[in-house]
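Take a look at the letters that make up each chain.
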Amino acid sequence: MPLSGGTRLGFDTEAVRVLLLDLDGVLIDTRPVMESAWRQVREDHCLDVPFEEYKRHLGRPFADIMEQLGLADAEPIHQTYSKASTDASHLARQFDGVAEVLHAFAAADWRMGIVTSKPLDRATPLLAQLGVPFATVRTPNGVGRGKPAPDPIMLALIDLGADPADALYVGDMAVDQEAARRAGVSYVHAGWGYGTPSSPAPFVAESPKDLLRLVDTGPLPEGSLV
């Protein structure tokens, strides 16, 4: 369901407004980083698993992806992947318009948080590039199960003292959509990301700036490019 200029999700403007976001494929384009890291994994561990097969399971914690791919002894593979990802981190880029949209939500007094399956040590420098305040960051380094379980979204809401009815989660994979459903929060699919949504069809934002059509964020901050 594509967004239109008048689309609203019916948030109570008197309630706490919370925007939770995935990282890879939503805020930062890390596909070149992941492709490079997976290529190193295939070489070092003699694996015949193409990147596109790995990509199908993005959004889950790494160990869960290895299980989905039927790969045993995941820890050495994870170590290779982590080092190769760090080495290739310079290839990551913000999606066009992301920083401006986040600044607009911040200016409208939305509280923002990150819910990602990327480990904290690799997520932190990417988030620092955005230059906007995130009140919570939930990664697999914490407690609970990873997506598609609702745990990380619910823990983020606990961090923010917010109810599911006050929150919106933006993701780009079917596991993001499932995690949002199980957590009881509204979901919007990032159409510029890496995956396709599942049924029932969610709202789809075709570009980051389309997120501003969801709610009344008020006037854009001076100098915004959106």
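Residues numbered from 1 in each chain as written. Predicted model: local features only at pLDDT ≥ 70, side-chain atom pairs only at ≥ 80, totals over all residues. Heavy atoms only, no water.

*Asks:* How would you explain unusual backbone geometry if you had to name every residue and give the values?
*Replies:* Look at the link from Lys147 to Pro148: it is a cis peptide, with omega at 15°. A cis amide bond links Ser199 with the next residue in sequence, Pro200, at an omega value of -5°. For Pro200, the position within the fold is in the loop between strand 7 (186-190) and strand 8 (203-205). In this structure, Cys46 takes a positive phi of about 55° despite not being glycine. By secondary structure assignment, the location of Cys46 is in the loop between helix 1 (31-45) and helix 2 (51-55). Of note, the phi angle at Asp109 is positive, near 70°, even though the residue is not glycine. The topology assignment puts Asp109 in the loop between helix 5 (98-107) and strand 4 (111-115). (Helix = DSSP H or I, 4+ residues; strand = E, 2+ residues; numbered from the N terminus.)

*Asks:* Report on helix 5, specifying residues and quantitative values.
*Replies:* Buried within helix 5 we find Val98, Ala99, Val101, Leu102, Ala104 and Phe105. Those residues of helix 5 that are buried lie in contact with strand 1 (18-21), strand 3 (93-94) and strand 4. Looking one or two residues past helix 5, Asp109 carries a phi angle of roughly 70°, positive in sign. (Buried < 20%, exposed > 50% of the residue type's maximum accessible area, 1.4 Å probe, protein only. Contact = heavy atoms within 4.5 Å.)

*Asks:* Give me the environment of Leu212: which residues, what numbers.
*Replies:* Secondary-structure assignment places Leu212 in the segment after strand 8. Exposure remark for Leu212: the relative accessible area of 14% places this residue in the buried category. As for Leu212 and Ala104, which are separated by 108 residues in sequence, their C-alpha atoms are 8.1 Å apart.

*Asks:* Can you break down the sheet that holds strand 8 residue by residue, with the values?
*Replies:* Strand order across the open sheet formed by six strands is 5-4-1-6-7-8, with parallel pairing between neighbours. Each edge of the open sheet is held by one strand with a lone partner, namely strand 5 (136-138) and strand 8. The mean inter-strand angle of the sheet, taken between neighbouring strand axes irrespective of direction, is 25°. Pairing geometry for strand 7 and strand 8, over three bridges, is parallel. Within the sheet, the bridge partner assigned to Val188 lies in strand 8 and is Phe203. (Pairing = 2+ DSSP bridges. Axes fitted to C-alpha atoms, helices over the stretch in contact; angles between N-to-C directions.)

*Asks:* Could you give an account of the pairing of strand 4, naming the residues involved and the relevant values?
*Replies:* Counting buried residues in strand 4 gives four out of five residues, a clear majority hidden from the surface. Note that strand 4 and strand 5 share three bridges and pair parallel. Of the residues in strand 5, the one forming a bridge with Ile114 is Val137.

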